[in-house]
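Examining the three-dimensional arrangement
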Amino acid sequence: MFPSAFFFLDRRLSLTSSQPHTRARGVQLLSEVLHECYGNLTEREVEVLIAFYENRLKDHYIITPPVLQGLRALTKCTVLPPGSAVSMLRSLFQDVHVQSLMLTERSCVYNMLINLMETREAELKGLGADFVFGFVQSMDGERDPRNLLLAFQIAKNIIHRGYDLGKFTEELFEVTSCYFPIDFTPPANDPHGITKEELIEALRAVLSGTPKFAEFLLPLIIEKLDSDVQSAKLDSLQTLTACLSQYEHKDVAEFLEGLWTSLRREVFQTSSERIESAGLAALTTLTSCLSRSVLNSDSEDSLSTFLDLVLKDCKHHLCEPDLKLVWPSAKLLQAACSASNRASHIITAAVMPSLIDQCTVIPPVCLSRPSTLEESVFSAFRESLCSMVFSALSETNSSLQITATSMLTSLAQQTGLLLDSDIELAVDHLTRLLLTEEDDRVSLAVVECAGALAALHPAAFITKLIPRLKTEINVVLCSGSVGFSVEEVVLACRSLQRIAEQVQDTEETGQCFHEVIIPRLLSLALQAALQGLSGFLSGCFHVVRLAGQTASRAVSLFLDGDVSFLPDNSFPSHIQLLKQGDSWSQSQMVCLLMGCVCSLPRSVEVPQIDQLLSQLEEMSCTCSHPLSYTSAAKCFAGLVNKRSQGDSLDSLIQRTTKRVCSELDSTSSPVRTQAFTLMIWVAKALLLRYHPLSTALTDKLFSLLGDADLGAMAADGFSLLMSDSADVLNRGCHADVRIMYRQRFFSENSAKLVQGFNAAPQEKKPNYLKALSNIVNKLPKQETVLLLSLLLEALLCPDQGVQLSTLSCLEPVLINPPPALIQQLEALVSRLLALICSSVRIASLRCIHALSRFPEHEILPFRARVLRALARPLDDKKRLVRSEAVQARGEWFLLGSPGGR
């Protein structure tokens, strides 16, 4: 391609024509060829081309743009001759006034610099400060935000990669800092998606990159903090924080008074929490910077000098009767305190005596320091602080008590501040408040404090608080005067669950759970069921599922009515919990049976398994209570999944299949829903383990997609088949789950789904589409492409759930589109555009965005149509929608432009 292009140019003498426009066209063609084949050039060819292009830079100005395009292509070559990078840049800086060029050509220059900095850094550094000066001249006056991002990247590279700034440090600062703070608002229809935040971060990386800018930047920040524009203040404070983390104390010493005045004002007088937080963060970083100074006999202590300013302006406010400036002063002192150990000692020594003298409990000014110091800064005030806290805990003022709990937590986190006697006294106070306090805010604060202290000092809580709480709870239970709410019962059960999961697995622990806790929970659940109370089971389930050893007792309870192992046994003899009766509150207890038996390892044999399965099947098909028959079906399925392969299992499955199919085939049957529930759970149990008899049940599920009453339920059933179950039939419950069972189900059944859809009447097709959506949503991308025609059809379904699921399936496919999808672009584009103003518009816009990555010649015919359609979501009321629309429109806008993608 390259030699033929040269031949073409040579024949027409374009490059040597006396007409500038003709020469420009010749250079343009050459540059376009180079963009396609620069990777195939030899070093000698590159050398010749560079010499040619450098010479053309001295030609007529109309030739400059294509020359720059060609040089940009050459900067990408891996075989650049030694010294050629310097040669190109010298010619560029000498012969081209960059800011007189159009936007595209300026962008080309910046990209040339970026390319050479990545591949020829050593050569460029050999230019010394001349490279910096050349860049400064090139950038000076740039206004376009796209080019500014490139220019800021170059400036950042110059600073962070150690280029010699020489005598041009101030010039580089001036040419970049003139944009600070960034004041940019993208136009409403901006196709490029450049945000103000991107420009701010890019510029900040430049300004904060070197301490050499300190003498120029710090006065500028002090000046900008006087601005009335809130965004300018915030940007200035955040930039100050960024640069101070790089500076040493000598870089900021002469600006300390001005910086403190500005920071103090932003905290004392601000009306914005964001600006206050940014000001405090800057103060912490400034104090930390000063704390890094190394003192000697001849140097000034910058930290002490600065903290004297802070204390002078803040300390007296802590003691004033007018509380207006107490909180800002406390926050400033805390921010300075948290910077270093030394700062903490200086401030604490200055403010704590006067605070203690007033016996004023304030939110801890310095107590948020982590307990990593060798010696706590509060050691000298330990007794006074403890006395203040315990005194406040004894008060009746709620705010004072809450503050005291916070302060107590902070004291406990400091090594050595609380002695054993202090911990015991703290436990006494917390116990008293837990048992007597009626204010919910105080109670919550006490609970949080007790939790924090218990983690640090468990022995005191084990010996004092827990026995006292146990005694009080037993008194309440024995009196019968208080009935616990369902929410309290559930919380108690979840606490037991956490204990069971985290406690050390010992024989004593196991005996406690299996002999005491689980039987008592079952007893309480049974009592609640007999009294017709609901809601208790949801809490008990997660605890009893941890009790594998209790399974035999649970089976005996549910099959035989054996209540002998339950405490407080006053239950009717031979109670029948698996028999259909009038009380749904009793039948729903089957969920506890599921928790016990379905969590067992497969190696553990469930007693009376055949009788248990028979009664569970009967309950599943005849019970009228949804929770009861669903739990029975899940329990039945969980046991079937783990049962050993053989004739006994096959006979059970065939009998169950025959029964549920019989009920489902009878449109007048009153238990079709129950039969369907059992069928879908058994189908899942068999599908997970690759059992061959699962096919009969899944085929039945496919056939029900056309059922007038159960069609929608059948479509949802595919989601159950393909999703993970939280409480049964999962690996945590030791279920038999084979790898890639979803892919196997798809490969065996996708053809049935397509055939069923094609044969279904129009009013039944949505069920097939919903089933398809539920299946493919759980599959890898490579499986999805096999059903593209149905996915496109699903986009026309009015069901928003189907639309959203289908779009989520399509998006990863669009990133690497198969040929079959490209052939259906017209239908795909039309259906996606129809959804960009619907409730699934974000997902649709992401797909439209992904379409822009298709081969350009395939999607270019749709460009104008897509851009017109994307104008509407640009004005959407939701920010996320507008953001997606901007990104998508930007990519489509660049289609067909030179170097657009």
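Residues numbered from 1 in each chain as written. Predicted model: local features only at pLDDT ≥ 70, side-chain atom pairs only at ≥ 80, totals over all residues. Heavy atoms only, no water.

**Details of the overall build of the protein**
Across its full length, the protein carries 47 helices and 0 strands. Counting only residues that meet the buried cut, the protein has 51% of its 901 residues in that class. In the protein, the share of contacts with a sequence separation of at least 24, taken over all contacts with a separation of at least 6, comes to 73%. Accessible surface computed for the protein: about 42000 Å², of which carbon and sulfur atoms make up 51%. (Helix = DSSP H or I, 4+ residues; strand = E, 2+ residues; numbered from the N terminus. Buried < 20%, exposed > 50% of the residue type's maximum accessible area, 1.4 Å probe, protein only. Contact = heavy atoms within 4.5 Å. Areas by Shrake-Rupley, 256 points an atom, 1.4 Å probe, with all protein chains shown as cover.)

**Thoughts on helix α44 (residues 841-851)**
Burial analysis of α44 places 9 of its 11 residues in the buried class, which makes it a mostly covered element. Among all positions of α44, only Arg841, Ala843, Ser844, Leu845, Cys847, Ile848, His849, Ala850 and Leu851 are buried. On its buried face, α44 sits against α41 (800-815), α43 (825-833), α45 (856-859), α46 (863-870) and α47 (879-894).

**Here we look at the packing of helix α2 (residues 20-37) against helix α3 (residues 43-56)**
Each pair of packed helices can be described by the angle between their axes along with the distance between the axes. Between α2 and α3, whose axes approach to 13 Å, the crossing angle comes to 145°. You can see that α2 and α3 cross each other, and the crossing is left-handed. Listed contacts from α3 to Arg23, Val27, Leu30, Ser31 and Leu34 of α2 are Leu49, Phe52, Tyr53 and Arg56. (Axes fitted to C-alpha atoms, helices over the stretch in contact; angles between N-to-C directions. Left-handed = near helix turned anticlockwise from the far one by under 90°.)

**Focus: the packing of helix α35 (residues 694-703) against helix α36 (residues 711-722)**
Interhelical geometry of α35 versus α36 gives an angle of 145° and a closest axis separation of 9 Å. As α35 runs across α36, the sense of the crossing is left-handed. The segment α35 lies against α36, with Thr698, Leu701 and Phe702 engaging Ala714, Phe718 and Leu721. Class assignment for the residues of the contact of α35 with α36 results in 5 nonpolar, 1 polar and no charged. (Nonpolar A, V, L, I, M, F, W, Y, C, P; charged D, E, K, R; others polar.)

**Some words on the environment of Arg643**
Position of Arg643 among the secondary structure elements: in the loop between α32 (626-642) and α33 (647-665). On the basis of relative accessibility, which here comes to 17%, the residue Arg643 falls in the buried class. Sequence separation between Arg643 and Ile609 is 34 residues, and the spatial gap between their C-alpha atoms is 9.5 Å. Apart from residues no more than four positions distant in its own chain, Arg643 is found in contact with Ile609, Asp610, Leu613, Ser648, Leu649, Leu652 and Arg689.

**Some remarks on the confidence of the model for the protein**
This prediction gives the protein a mean pLDDT of 83; 86% of its residues lie at or above 70. When the elements of the protein are averaged for pLDDT, helix α1 (residues 2-12) gives the smallest value, 46, and helix α10 (residues 169-177) the largest, 95. Long-range and interchain partners of residues 1-11, a stretch whose pLDDT sits below 50, account for 16 contacts in this model, where long-range means more than four residues apart. Predicted confidence is poor over residues 360-374, with pLDDT under 50, and the contacts of this stretch with residues over four places away or in other chains come to 39 contacts. (pLDDT = per-residue confidence, 0-100.)

**Concerning the packing of aromatic side chains**
Scanning all chains against the criterion turns up 11 aromatic pairs. Taken together, the ring pairs connect Phe93, Phe131 and Tyr163 into an aromatic cluster. Seen from the ring of Phe893, Arg863 lies directly overhead, with NZ or CZ sitting 5.6 Å from the centre. (Phe/Tyr/Trp six-rings, centres within 6.5 Å; stacked < 30°, edge-to-face > 60°. Lys NZ or Arg CZ within 6 Å of the ring centre and 35° of its normal.)

**What about a negative patch on the surface?**
Taken together, the side chains of Glu170, Glu171, Glu174, Glu215 and Glu254 present a region of like negative charge at the surface. The element contributing the most residues to the negative patch is α10, with 3 residues. Along the chain, Glu254 falls in the loop between α14 (249-252) and α15 (256-268). (Patch = residues over 30% accessible without salt bridge, like charges linked within 9 Å, V, L, I, M, F, W, Y side chains within 5 Å. Salt bridge = Lys/Arg side-chain N within 4 Å of Asp/Glu carboxyl O. Lys, Arg positive; Asp, Glu negative; His and termini not counted. Charge placed at Lys NZ, Arg CZ, Asp CG, Glu CD.)

**Remarks on the pattern of salt bridges**
Under the counting rule described, the total for this entry stands at 39 salt bridges. In this structure, Asp59 engages Arg23 in a salt bridge whose closest nitrogen and oxygen atoms are separated by 2.8 Å. Here Arg23 lies in helix α2 and Asp59 lies in the loop between α3 and α4 (64-75), a separation of 36 residues in the sequence. The shortest N-O distance in the salt bridge between Lys634 and Asp727 comes to 2.7 Å.

**A few points about the environment of Leu332**
Note that Leu332 resides in helix α18 (residues 326-337). Sequence separation between Leu332 and Glu276 is 56 residues; the distance between their C-alpha atoms is 9.9 Å. Ignoring anything within four residues of it in the chain, the contact list for Leu332 reads Trp260, Val267, Phe268, Leu280, Leu283 and Cys314.

**Examining the state of the cysteines**
Here the structure, examined in full by the defined rule, presents 0 disulfides. A disulfide-free cysteine, Cys243 has its sulfur positioned 8.9 Å from the sulfur of Cys289, the nearest such atom. (Disulfide = S-S within 2.5 Å.)

**A word on α33**
Its 19 residues place the ends of α33 26 Å apart at the C-alpha level, agreeing with the 27 Å of an ideal helix rising 1.5 Å per residue. If you check which residues of α33 are buried, you get Leu649, Leu652, Ile653, Thr656, Thr657, Val660, Cys661 and Leu664. All buried residues of α33 lie within an arc of 150° about the axis, which places them on one face of the element. Exposed side chains of α33 directed beyond 90 degrees from the buried face belong to Asp647, Lys658 and Asp665. For α33, the secondary structure elements touched by its buried residues are α31 (609-622), α32, α34 (672-688) and α35. (Expected span 1.5 Å × (residues − 1). Arc of directions from axis to C-beta.)

**So, unusual backbone geometry**
Cis geometry marks the peptide bond from Phe180 to Pro181; its omega dihedral reads -10°. Summarising the element assignment, Pro181 is placed in the loop between α10 and α11 (196-207). For Leu729, which is not a glycine, the phi torsion comes out positive at approximately 60°. The phi torsion at His734 lies on the positive side, around 65°, for a residue other than glycine. Tracing the backbone shows His734 in the loop between α36 and α37 (741-759). On the basis of relative accessible area, His734 is assigned to the partly exposed category, the value being 35%.

**Concerning the nonpolar core**
Among the nonpolar cores identified, the biggest contains 149 residues, and Phe131, Ile158 and Leu172 are the most heavily contacted of them. Apart from residues no more than four positions distant in its own chain, Phe131 is found in contact with Leu89, Phe93, Leu113, Met117, Leu124, Ile158 and Tyr163. Residues Leu678, Ala683, Phe757 and Val866 belong to the second largest nonpolar core, which totals 129 residues. (Core = buried A, V, L, I, M, F, W, Y, C linked by side-chain atoms within 4.5 Å.)

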